[in-house]
Each structure stands twice: as structure tokens, then as C-alpha cells.
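# Coordinate inspection notes
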Amino acid sequence: MVVFDIGIYGYDKGMNSMKFADLHLHTIFSDGTYTPEQLVSESIKAGLSAIAVADHDTVGGITPATEAAKGRGIEVLPAIELSAEYAGREVHILGYLIDQSNGVLLEKLSFLKQNRVQRIYKIIAKLENMGISLKPEAVFELARSGTVGRLHVARALVKEGLAADFSEVFQKYIGDRCPAYELGFKFTPRQAIDLIKQARGIPVLAHPYTVNDDGMLEEIVGCGIMGLEIYYPEHSQSLQNFYLDFAKRHNLLATGGSDCHGEAKSEIKIGSIKVPYPLIEKLKAAR
Ligand code: AMP
Ligand code: ZN
Ligand code: FE
Ligand code: FE
């Protein structure tokens, strides 16, 4: 989907309106399958002028992607995706244009990375209780040195022939509220937002459809959210319109992206959501 309907934000209709960006991409530094170099090459093929590397709990993919992009007519924006919990629901918060050398941020990320490893052992113990015997190495081999998560567990289960596909894995075992679900460390929305802000980043609520209660949306936004990921593969046109209106009323920035994880979710392609470059100029101006 290409997003043209940006009239309410009053963008200029100059050259930058012809440039497009995908602002939500994962690499092997978290649970994507593209290296940063592959991500850049694929993004160029997709005709993008800018991308944001937004891995879960790590900034590791940003510098290699930036290096790979040099002189190739594509801009890499630093970003991150943090997990928070609100009223028993998982809420993801994107941080755009963060200072990736921020000490407080790096210290927290190092803690989160270790915590994710411990969490895998807990998930595996819960799977064992369900009669599913998965070796931790099968998961860690897939994650290599990246931040390890549920998508790696899903891939390992399918690879080892212990589940048919991801939908079975997430519906029966490790989806939110399933028997082998394990929370892991979760910020409150305010903590995640504050961490991003103190690293000079812009906190944006990721895929807001996952917050399916309007009152809750108001509350999370009230914690200091500066933007909404309005353009997202799971958002229908009417949901998108609702978020556009919500963003306008709350003076929020608009972002969008595909949330491509490479071959780990092969149906979601880089650039399947493209937003016009002036949205990035708004992000930069808000910093
Ligand atoms: P984690 O951060 O380890 O809790 O994993 C969250 C990631 O798991 C998401 O970013 C998705 O990549 C993946 N995920 C969560 N729920 C599902 C689902 N129902 N189907 C496919 N992937 C999912
Ligand atoms: Zn993911
Ligand atoms: Fe997410
Ligand atoms: Fe994501």
C-alpha cells in the first residue's frame, strides 16, 4: 500500500513528496532474517529513499545498515522497538531518531538482552510441561548474537517438526495468554517512553490496532507518546482513518511501516507500506 492520503498534515507538494520510506524494519540483530546489508539492498530494490531499522531491544543493526547505505541514495534512520505492558496487554513503542550511543539506553538494552535469554529457558520449561521437548540450542542457533524472542522459538518449533506453522505455535503455545507464554521484562509505557526521550528519540505507538480499546489508547498516548504508527499492514482503511483523526485531535505525528521480518514472515515485504518523505521531515523537526 502506498500512502497518499496525507492532506490533513499539510505537506508541501515538492520533490520530497515523491520519496517514500518504510519506517519499521527488523534485521538479524533481533528477529528478522536480513542482515543490515541485505536489508539496505532489498530496500533499494523496493524503490525506497529512506528506511528505519527498528529492531526489538537493540540498536546493533543501525550502524551496519548506515554504512551499507552510504553513497547509494538511501537514508537509514536510527530506531528501536521496545516492549511495554499495559493492563495485561503487550504494547510496542517505537523510538525514532534515538541517539544510539546514549549510555542510559545502552545499559538498559544490555539488561534486556540478557533477560530475553533467561526468558527462552522459561518458555522452554513451559513447553516441556505441555509435552513439547525443544532444545534451547535450536532457538539460540537461529538468534545467533541477536536479541532472542518468540519468533525464534516459533521458527525452531517448526524447523524441528514440533509444530506445523507459526499460527499453530502462537495460537496453542506462545501467543499472549497461551500456556507457554512468558512475559519477560516489560516496561510500563511511561518507562519506555521516558527511556526513548532521554535518548533524544521520538516515542511512537507501534501498530496501535493491538490496543483495541479507545480509552486505553488515550491513556497510553497520555504517557507521552508523540506519534502513532498509522500506516501498518493490519490496519484497514477505516482504522487508518480513525487513527488519522485521533492523531489530528491529539497533535500526534504520523508514521508507518511494514514491520518486515524478512523470511521469518515472508508474506510481509519491505516497502509493502510506504510513507511519503515529508513525514520524516516532521519527525526530524519534532526532535
Ligand atoms: P517477543 O518480543 O519475543 O515477545 O516477540 C514479539 C514478536 O513475536 C513480534 O514482533 C512478532 O515478530 C512475533 N509475534 C508475536 N505474535 C505473533 C503472532 N501471533 N504471529 C506471528 N508472529 C508473532
Ligand atoms: Zn518481531
Ligand atoms: Fe511490534
Ligand atoms: Fe516490529
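Calculation criteria
- The residue numbering used here restarts from 1 in each chain and proceeds along that chain's sequence as written.
- Starting at A for chains and at 1 for ligands, labels are handed out in the order in which the entities are written.
- Local features in a predicted model are, by the rule used here, given only for residues with pLDDT of at least 70; side-chain atom pairs are given and counted only at 80 or more, and totals for whole chains, interfaces and linings are based on all residues.
- Hydrogen atoms and water are omitted, and side-chain values are computed over all heavy atoms in the structure.
- One heavy atom within 4 Å of a molecule or strand is enough for the residue carrying it to be called near that molecule or strand.
- Any pair of N or O atoms that falls within 3.5 Å is considered a polar contact. Within protein, one atom must be able to donate a hydrogen and the other to accept it, and sequence-neighbouring residues count only if both atoms are side-chain atoms.
- Here, Shrake-Rupley sampling with a 1.4 Å probe gives the accessible areas, and only protein chains in the shown set may cover a residue.
- The method works on a 1 Å grid over the protein atoms by themselves. A cavity is a set of points holding a 1.4 Å probe that cannot get out, a pocket is an open set with protein on both sides within 12 Å along at least five of seven lines, and residues with an atom within 4 Å of a point line them.
- A pocket or cavity is taken to hold a molecule when more than half of that molecule's atoms are within 2 Å of the pocket's grid points.
- The numbering of helices and of strands both runs from the N terminus, where a helix is a DSSP run of H or I of at least 4 residues and a strand a run of E of at least 2.
- Each residue is assigned to one of three groups, with Ala, Val, Leu, Ile, Met, Phe, Trp, Tyr, Cys and Pro labelled nonpolar, Asp, Glu, Lys and Arg labelled charged, and all others, Gly among them, labelled polar.
- Exposed residues in this analysis have more than 50% of their type's maximum accessible area, buried residues have under 20%, and partly exposed residues fall in between, with area computed by a 1.4 Å probe over protein chains only.
- Pairing between strands is defined by DSSP: at least two bridges between the two strands are required.
- For salt bridges, the criterion is a side-chain nitrogen of Lys or Arg within 4 Å of an Asp or Glu carboxyl oxygen.
- Only nitrogen, oxygen and sulfur atoms qualify as donors, provided they sit within 2.8 Å of the metal or within 3.2 Å for Na, K and Ca; with water excluded from the atoms, sites may seem incomplete.

## Remarks on the site of ligand 1
By nearness alone, every residue bordering ligand 1 is listed as Asp31, His56, Glu90, Arg116, Arg119, Gly149, Arg150, Leu151, Phe170, His261 and Lys265. In this structure, Arg150 approaches ligand 1 through a side-chain N or O atom, which is 2.9 Å from an oxygen atom. Contact with the protein chains removes 77% of the 500 Å² of surface that ligand 1 exposes when unbound. Judged by its atoms lying within 2 Å of the grid points, ligand 1 is housed in the largest pocket. Taken together, the elements giving at least two residues each to the shell around ligand 1 come down to α3 (103–129) and α5 (150–159). Partitioned by chemical class, the residues of the shell around ligand 1 number 2 nonpolar, 3 polar and 6 charged.

## So, the pairing of strand β3 (residues 75–86)
With 9 of its 12 residues buried, β3 lies for the most part within the structure. Where strand β2 (residues 50–53) meets β3, 4 bridges bridge the pair, whose relative direction is parallel. Note that in β3 the partner of Ile51 across the bridge is Val76. Judged from the 8 bridges that link them, β3 and strand β4 (residues 89–96) form a sheet pairing that is antiparallel. Paired with Glu85 across the strands is Glu90, a residue of β4. Two successive antiparallel strands, β3 and β4, enclose a turn made up of 2 residues, where Ala87 displays a positive phi of approximately 50 degrees.

## Examining the pattern of salt bridges
Working definition: two side chains of opposite charge can pair if their charged atoms are close together. Under the definition given, this model contains 10 salt bridges. As a salt-bridge pair, Arg150 and Glu90 come within 3.2 Å of each other at their nearest N and O atoms. On the criterion of sequence distance, the pair formed by Arg150 in helix α5 and Glu90 in strand β4 is long-range, its members being 60 residues apart. Take Arg150 and Glu90: they sit in the same class, and that class is buried. Through salt bridges with shared partners, one network takes in Glu90, Arg150, Asp176 and Lys186.

## Focus on the coordination of the iron ion (ligand 3)
Surrounding the iron ion (ligand 3) are the protein donor atoms Glu81 (OE), His92 (ND1) and His207 (NE2), at 2.0 to 2.2 Å. Donor residues binding the iron ion (ligand 3) come from one chain and are separated in sequence as E-x10-H-x114-H. Between the iron ion (ligand 3) and the zinc ion (ligand 2), a separation of 5.8 Å is found. Pair noted here: His92 is in strand β4 and His207 is in the loop between β5 (202–205) and α8 (214–221), with a separation of 115 residues, a long-range link. Note on accessibility: His92 and His207 belong to one class, buried.

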